[in-house]
Every structure is written in C-alpha cells, then in structure tokens.
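In case you want the letters, here they are:
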Amino acid sequence: MVDFSAQSNCIYSTTKNNHLIKVISNNSLFNGIEKDSLNQLLSIADLPNIADPILGFPDMHVGYGVPIGSAFGSPTSNGIISSEAVGFDINCGIRLIKTNLYKKDVSKEQLFILLKNLQKLPLGLSQDGISLSKSQFDDILLTGVNWCVSNNFCNSRDKKYIEKNGFLKDAKFDFISSLAIKRGITEVGTLGIGNHFIDILEIQEVIDPIVAREFGLSQNQICIMLHTGSRGFGHQIATEFNDAFFYKKPISYQEFNSELGQKYYFSMLAAGNYAFVNRAVLSFKIIDIIKKTLNIGHKDIEFELLYDLCHNIASIEKHNKQDLVVHRKGATHAVYANDLPAGSVFSKTGTPIILPGSMLWSSYVLVPTKNIEKETMSTVAHGSGRAMSRTSAKQNMSIDSLRKWMAKENVLLSGKSINTMREEQPNAYKFSEDVVNSMVCAGIVKPVVKLKPLIVLTG
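Residues numbered from 1 in each chain as written. Predicted model: local features only at pLDDT ≥ 70, side-chain atom pairs only at ≥ 80, totals over all residues. Heavy atoms only, no water.

### Things to note about the environment of Asp-138
Reasoning step 1: Along the chain, the position of Asp-138 falls in helix 4 (residues 134-143).
Reasoning step 2: On the basis of relative accessible area, Asp-138 is assigned to the buried category, the value being 13%.
Reasoning step 3: Residues Asp-138 and Lys-172 lie 34 residues apart in sequence; the distance between their C-alpha atoms is 9.1 Å. (Helix = DSSP H or I, 4+ residues; strand = E, 2+ residues; numbered from the N terminus. Buried < 20%, exposed > 50% of the residue type's maximum accessible area, 1.4 Å probe, protein only.)

### Structural notes on the nonpolar core
Reasoning step 1: If you look at the biggest cluster of nonpolar residues, it comprises 94 residues, and the most contacted ones within it are Cys-148, Phe-215, Leu-217, Phe-233, Met-268, Ile-286 and Val-365.
Reasoning step 2: Considering each element in turn, this core owes the most residues, 17 residues, to helix 9 (residues 259-293).
Reasoning step 3: Those residues in contact with Phe-233 that lie beyond four places of it in its chain are Phe-137, Leu-141, Ile-176, Ala-180, Ile-181, Arg-183, Gly-184, Glu-187, Ala-270, Ala-271 and Tyr-274.
Reasoning step 4: Listed in part, the 26 residues of the second largest apolar core include Cys-10, Ala-71, Leu-366 and Met-439. (Core = buried A, V, L, I, M, F, W, Y, C linked by side-chain atoms within 4.5 Å. Contact = heavy atoms within 4.5 Å.)

### Here's the deal with the state of the cysteines
Reasoning step 1: Counted under the stated rule, the structure contains one disulfide.
Reasoning step 2: Shown here is the disulfide that connects Cys-10 with Cys-441, its sulfur atoms set 2.1 Å apart. Looking along the S-S bond of the Cys-10-Cys-441 disulfide, the torsion reads about 90 degrees, which is the right-handed sense. Within this pair, whereas Cys-10 is found in the loop between strand 1 (5-6) and strand 2 (11-16), its partner Cys-441 is found in helix 14 (residues 432-441), the two being separated by 431 residues in sequence.
Reasoning step 3: We classify Cys-441 as partly exposed; its relative accessible area is 32%.
Reasoning step 4: Cysteine Cys-148 remains unbridged, with the sulfur of Cys-154 as its closest cysteine sulfur at 4.9 Å.
Reasoning step 5: On the accessibility criterion, Cys-148 (0% relative accessible area) is buried.
Reasoning step 6: Sulfur of Cys-223: no disulfide; nearest cysteine sulfur belongs to Cys-154 and is 19 Å away. (Disulfide = S-S within 2.5 Å.)

### Let's talk about the layout of surface pockets
Reasoning step 1: Here the largest pocket is characterised by a volume of approximately 1,200 Å³.
Reasoning step 2: Surrounding the largest pocket, 50 residues form its lining, Ile-68, Gly-194, Asn-195, His-196 and Arg-390 being those nearest its centre.
Reasoning step 3: Among the elements of the structure, strand 4 (51-61), strand 8 (197-206), helix 8 (231-244) and strand 20 (445-458) are those that each provide at least two residues to the lining of the largest pocket.
Reasoning step 4: A total of three residues in the lining of the largest pocket trace back to one element, the largest contributor, which is helix 8.
Reasoning step 5: By volume, the second largest pocket is sized at about 560 Å³.
Reasoning step 6: Around the second largest pocket, the lining comprises 21 residues; the ones closest to its centre are Lys-164, Val-335, Leu-340, Pro-341 and Thr-351.
Reasoning step 7: Of the residues forming the lining of the second largest pocket, the biggest block, three residues, is contributed by strand 13 (residues 313-319).
Reasoning step 8: For the lining of the second largest pocket, a count of residues per class yields seven nonpolar, seven polar and seven charged. (1 Å grid on protein atoms, 1.4 Å probe; cavity = no way out; pocket = protein on both sides within 12 Å on 5 of 7 lines; lining within 4 Å. Points joined across faces, edges and corners; volume = space filled by probe spheres on them. Nonpolar A, V, L, I, M, F, W, Y, C, P; charged D, E, K, R; others polar.)

So this is what it looks like as structure tokens:
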C-alpha cells in the first residue's frame, strides 16, 4: 500500500498515478482506518479522468467499491460517473427539525408515551407508505419537495432549508424499471433498516452562541433528527445500473456523457427527489404524533426545519474553475457563507452540517470555514463512521445488555428489529467528538451545538 505522510493540521496525503489523495483525520482515527478502506480510496486513482484531490474523511470505512466517507470529482466534459461511488441508498440523508420545547417541558413519563406512539410509524422494511397513484409517484420523481408543498406535507419555507431546495431539476423516470417503481410506490414515508433512525434530542451544549442564535438553537432545546433515504426504490436503481455499467477495477463506471451514463444520472436524480420527499413525508408523520402525544397546555408546539442534506449523490459543481461530477459516498456537501448564491438563507453562516453520533455519543451541528473549498471541495464527514462490522457489533452486544446500558444513560431505545438495534449499538461507531475534532483541526469546520439523545428509534 502507498504510504501516507502526515501534515500538522490533521491532513494525511499521498499520491498515486500523479493524483493527490487526502485523508482528513487525527492521528488516532487514521491509525484505526482499515487497510482495506485505505486501499479502496487509493484505487480511485486508477479510474480514468479523475480530478484532484481524491478525499477520505475521519468517518471512513470499507464500502461497496469505494469507502463510505469518501469523495472525488471527474470532469463533465470527458469524465466518468459511477453508480457504485454513489451507493445503493441514493440520497441517503439527514434532517434536523427544531421545536419550541425544552427538556423541562417534557416529563420522563411523556417521553415513554411518545416512544410508544412513535413505534407505530412504518419502520424497517415497511411498505406502509402513503397511498399514491402512478401519476402522483411520477410527480414526486420529477418535482421532489415541490410535490410535498402542493400536497400539504410541508410548507414552502422548508424548500429554502433543504439542499438543492429539495428539487433535482433534471430528473427523469424514463429509464427506471417497473420493479424499481413497484418497490418505491409503497414506501414513501417509511424509515427503512440499517443505520436509519429517528432521534429525539436535547441540545446539550452551545459552543458558538452567535451562530446558534442565527440558527434558532439554544441550550436544552428539543430537536428531531431523521436519517433515511430512497429506500428500495434507490436500491433497485443502483443494483440495475451496477450490473449494466462495465466493470473495470476498482469499480464499475461509465463515461458521464455516454448514453448509459446519462440514463443513470437522470435516474439517480429521480431517486434523489424521491428521498427528499420520503424524509419530508416521514417528518410530517413524526410531527403529527408529537403534537398528539405532548399536549403542552401552556404553549402550542412549533416545528421548524433547520436543514435537510444528502450523503450519497453525484452532483455537478465547479471546483478549481472546472465543471466536475462530484461523487460523495457517505460525505456531506457544505458551502461556506461567501460561496453561497445571493439570497441564501445561510448567507451569514454557511450551510449547516448535521453530524449524527450514535445511540449515546453526541451529535453535532457544525458550519464550514473559508478553507473548506480549497481543502476538500466543500465536503465534510457525514457522521461518526462504523468502527465495528454489523456482525461484530451484534456478537458483542446482547439486547438485554444494550437496554440496560441505554437505561443507565437515560436514553429510551426501541426499534422494529432487535438485531438492528444490536448492530447499531454505540460501540459500533467511532466517537463523534474525535471525528469533529479532526475536521476542526484540519480547519474546515466550526462546531455550533452538541446534542444528546433522549429517544432513539431504529429501523
């Protein structure tokens, strides 16, 4: 394996095939990255027409084809696109919703009742999504969150607080199979399995009071965090294009401007729109349950979206004066304030970065710094990253031990699947604080608030 050299500011770098490869990480996390994951990152340099730099992040771990927690670009003029480098869960993403509730407003008994009621949501591999006609489904694929606004699942304000305004305009469904549509049409507003979750959290610490005030975040405030994506619809699209693309080591790909490359791109955008809608509809259901459960007599409960962002997508962006197809797999696009278009609601702060921890380790809201474009093509880590395989995590934690641990830490836990809860146990993940500190050390983010979970609901 090619050796990486450490820079003083938590950036490791090397070259392969004349390409610059960078890993954002502190020393401890870097030494813990699996060799297979680093080899996957290095192998991206074997692809044709790749732009520099190739990027890995402190949450990096082995993925399918390329690591989860990686990013790279390829020129739109003569470059490539890879369904494997986007991943199976197209536009898997996360959103944070603010409320006007504080910890003091909600008793432990009310939290127990809320958890019980949230369990009624369509969790796991549910097909109990909202009822849709085929024409409604087509509208979702083409218009994204605009469909939710028209159908009263969210308000028009929300669009400004969603990446790409919740609408990927060039989407087409012409090249999507009937099987993918069959899977997707019944799953709008469902959570899924794996690392997808619904958390009710409390702001544990305000780190940057000025930005926190700008975001409407304050000490002990209760927030909702939701993590899910394009469900079986995106998975089926990815599966079919993975098979259709020609395979050359390290991953299958196609020229971006080829017929098949464009078919994937348009289909990927449709799946991205689907995922934005899925999160919005599920949020609507969660909010409805909270309103009905927490009947706070002295105040009406208010909900406001802070931000909704995606992790797995290929996006056309300009970097280093070059138009690139930027592939992010388990990585977040974050834009510094001065680089945002005029009129952006985040022109004072930059786009929020929502970085989830684990069932116990803290989650964070961060903002990008002015160095982020130069260092990482406006990209950051998407979460804490797995430290343990699902099999190992399950073998090392019984459900009884997990429940006792969570109860001791005053976190209420439930989910559709006992095995999923065990696979997602806290020790399965790196410490979120280490991931955040690595990016702070590299000079690409600033922390705003830290949140701790009160309720954790897995798929």
